[in-house]
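Spelled out from the first residue to the last, the chains are:
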Amino acid sequence: MHLGVLGAALAALRARLGALCWSLASLFLSLPLSLPLPLPLPLSLPLPGWRRVSAPSPAAPASRERDEASPTPTSVNYHFTRQCNYKCGFCFHTAKTSFVLPLEEAKRGLAMLKEAGMEKINFSGGEPFLQDRGEFVGKLVQFCKQELKLPSVSIVSNGSLIRERWFKKYGEYLDILAISCDSFDENVNVLIGRGQGKKNHVENLHKLRQWCRDYAVAFKINSVINRFNAEEDMNEQIKALNPVRWKVFQCLIIEGENSGEDALREAGNFVISDEDFERFLDRHKDVSCLVPESNQKMRDSYLILDEYMRFLNCRNGRKEPSKSILDVGVEAAIKFSGFDEMMFLKRGGKYVWSKADMKLDW
C-alpha cells in the first residue's frame, strides 16, 4: 500500500520536472540572441522533440569562396596529331603517340572553346596534312569558320603535303596558312631535318605562296633560329615572299620532347644563346613583318591543346597536361595551363588575324 503511494508521488514529481524543463526551454528560445545568459541551460534532460543543433561556422572569407578567374582562351593552338613526315632535330612536339580524336569529338571540343571565348584557332601538329590527306584538318577549318563563325582560323604546316585541290575545296574558310621554313639554303634544311628526298623545301614554299594569293589566304612564315641558320641573312628572300607575318622563334628545349631520356629528339646541338638570337634579329630589323619570340615569351604565352584536348603547361620546362576539356570542361582544364595572359598580349599575340580585316591585295 505504501509502495503504491510512493510510486504515485514519484510519477507526480516527474510530471512537475518535465513541465519545469519545458518552461525553461520556452523561456530560453524567447530571449533575444544578444542577451547574455549567466548560466548554461541543462539540456541533458530528455526533452521530447528537442535535438542539438551545431552552431554555424563563421563565414569563409570571400577569397576562399571565389576561385581565381580563369584566363580566356582567346587564341588556341590545337596540335591534333603528333605524326609528321619530317624529322626536324629541334621539334618540341614529337610523335610520341599516333592518336587522333574522332572528327565529331574534335568538333565538340572546338564548340566548347568557342563558348568559353575562343576567337582564333590554330591547327598544328606534327603535320596537320598527314591525317586523311588533309581532309581531317579541312573539315575542322570549315566547321570553325562556317558553323562556329570564328574570326580567325589558321594552320601551321611544313607545306610538303598540301595540294592545290585542297585550296579549291577549303581555302575560303582559312584565314592564315603558316609554312615552316628555317633556311633558304636547301643543304641547311637537310641538316635540320626538313629534307625529303628530291623535293625542294624552298621551291615548294614559293608554290604555296602563289596558291595563297590565288585563293585569298593570308601567307605567313615561321622560322626556328638554331645553330645551323643563326648566321644566315634572309632579308632578301623574306621581302620577296612578303608574308603578312614572319614569326622568328628561338630554339626551345622541352624536357621529354626534344631533351632527356624519354625524348624522341635531342635538340642540344641546335640551341643558341640569347646573344646569338639577338644578333639574328638585329640583322633582320628592317623586315617590317618580323615578329620575334624568345624562349621566355614562347614558354608561357601559348595555349596549347594536345591530341587529347588537354592543355599543356610548359612553365617547368616540360609539357605537363591538364585533364581533357572533353571530360572536365574548358574552365576547369585551363586553370592548369600555366598560361600567362599578360605575356600573350605583350608579345602581340592578339593582332589583325581575320583575312576579312587585312584588306590585302591578293
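These figures come from a predicted structure and were not determined experimentally.

Engineer: I would appreciate a short explanation of a positive patch on the surface in the present structure.
Structural biologist: Taken together, the side chains of Arg133, Arg163, Arg165, Lys199 and Lys207 present a region of like positive charge at the surface. The residue Lys207 is located in helix H7 (residues 201-214) in this model. The class for Lys207 is partly exposed, based on a relative accessible area of 41%.

Engineer: What should I look at first to understand the pattern of salt bridges in this one?
Structural biologist: Pairing between side chains of opposite charge can happen when the charged atoms of each approach one another. Counted according to the given criterion, the structure contains 13 salt bridges. A salt bridge links Arg82 to Glu307; the shortest N-O distance between them is 3.2 Å. Taken together, the positions of Arg82 in the loop between strand E1 (75-79) and helix H3 (103-115) and Glu307 in the loop between strand E8 (304-305) and strand E9 (310-313) put the pair 225 residues apart, joining distant regions of the chain. Exposure class is identical for Arg82 and Glu307. Each is buried. Put simply, Glu293 and Arg347 hold a salt bridge, and the shortest N to O gap is 3.3 Å.

Engineer: I would appreciate a short explanation of helix H4 (residues 135-147) in the present structure.
Structural biologist: Each full turn of the α-helix corresponds to 3.6 residues, which orients residues three or four apart in the same direction. The terminal C-alpha atoms of H4 lie 17 Å apart, and with 13 residues this matches the ideal 18 Å at 1.5 Å per residue to within 8%. Within H4 the residues assigned to the buried category are Phe136, Val137, Gly138, Leu140, Val141, Phe143, Cys144 and Lys145. Turning to H4, the residues buried within the fold contact E1, H3, strand E2 (120-124), strand E3 (152-157) and helix H5 (164-170). Phi turns positive, to about 55°, at Lys149, one or two residues after H4.

Parameters and conventions
Residues numbered from 1 in each chain as written. Predicted model: local features only at pLDDT ≥ 70, side-chain atom pairs only at ≥ 80, totals over all residues. Heavy atoms only, no water. Patch = residues over 30% accessible without salt bridge, like charges linked within 9 Å, V, L, I, M, F, W, Y side chains within 5 Å. Areas by Shrake-Rupley, 256 points an atom, 1.4 Å probe, with all protein chains shown as cover. Salt bridge = Lys/Arg side-chain N within 4 Å of Asp/Glu carboxyl O. Lys, Arg positive; Asp, Glu negative; His and termini not counted. Charge placed at Lys NZ, Arg CZ, Asp CG, Glu CD. Helix = DSSP H or I, 4+ residues; strand = E, 2+ residues; numbered from the N terminus. Buried < 20%, exposed > 50% of the residue type's maximum accessible area, 1.4 Å probe, protein only. Expected span 1.5 Å × (residues − 1). Contact = heavy atoms within 4.5 Å.

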